[in-house]
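Chain by chain, the residues run as shown.
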Amino acid sequence: MANCSAVELDDRKDCSVAAYQPGLESFTIADKELDHAESLKLQIMDSDASAMCSDEDTLDGTSFGSMRGTSRNSTESDD
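Residues numbered from 1 in each chain as written. Predicted model: local features only at pLDDT ≥ 70, side-chain atom pairs only at ≥ 80, totals over all residues. Heavy atoms only, no water.

Asks: I'm lost on the overall build of the chain in this one. Help?
Replies: Counting its regular elements, the chain contains one helix and zero strands. About 7,200 Å² of surface is accessible on the chain, with carbon and sulfur atoms providing 57% of the total. (Helix = DSSP H or I, 4+ residues; strand = E, 2+ residues; numbered from the N terminus. Areas by Shrake-Rupley, 256 points an atom, 1.4 Å probe, with all protein chains shown as cover.)

Asks: Which parts of the structure should I look at to understand a negative patch on the surface?
Replies: A grouping of Glu8, Asp10, Asp11 and Asp14 is seen on the molecular surface, where their side chains present a negatively charged patch. Secondary-structure assignment places Asp10 in helix α1 (residues 6–59). (Patch = residues over 30% accessible without salt bridge, like charges linked within 9 Å, V, L, I, M, F, W, Y side chains within 5 Å. Salt bridge = Lys/Arg side-chain N within 4 Å of Asp/Glu carboxyl O. Lys, Arg positive; Asp, Glu negative; His and termini not counted. Charge placed at Lys NZ, Arg CZ, Asp CG, Glu CD.)

Asks: Just checking my understanding: could you explain the confidence of the model for the chain for this structure?
Replies: Detailed reading of the predicted model is not advised wherever pLDDT is low. Looking at the chain as a whole, its pLDDT mean stands at 75, while 65% of the residues score no less than 70. Contacts of residues 63–68 to residues separated by more than four positions or lying in other chains number seven contacts, the stretch itself having pLDDT below 50. (pLDDT = per-residue confidence, 0-100. Contact = heavy atoms within 4.5 Å.)

Pasting the structure below:
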């Protein structure tokens, strides 16, 4: 590089920037798309987790508690 003038160095710099600019833009776009996909995945996981929690609440006896122990099978005696 010592054999180059300041103008030639500026030209090389501009050429390098022009050569790598499309790659940088592609990387930036792909990064934003991955961030968006990750955000959607987390939202789905959160909604699935809350749905599972509400299912567990329903099955732990709080919603069906009135049905547990109060209904009789035909095999139970009336004693």
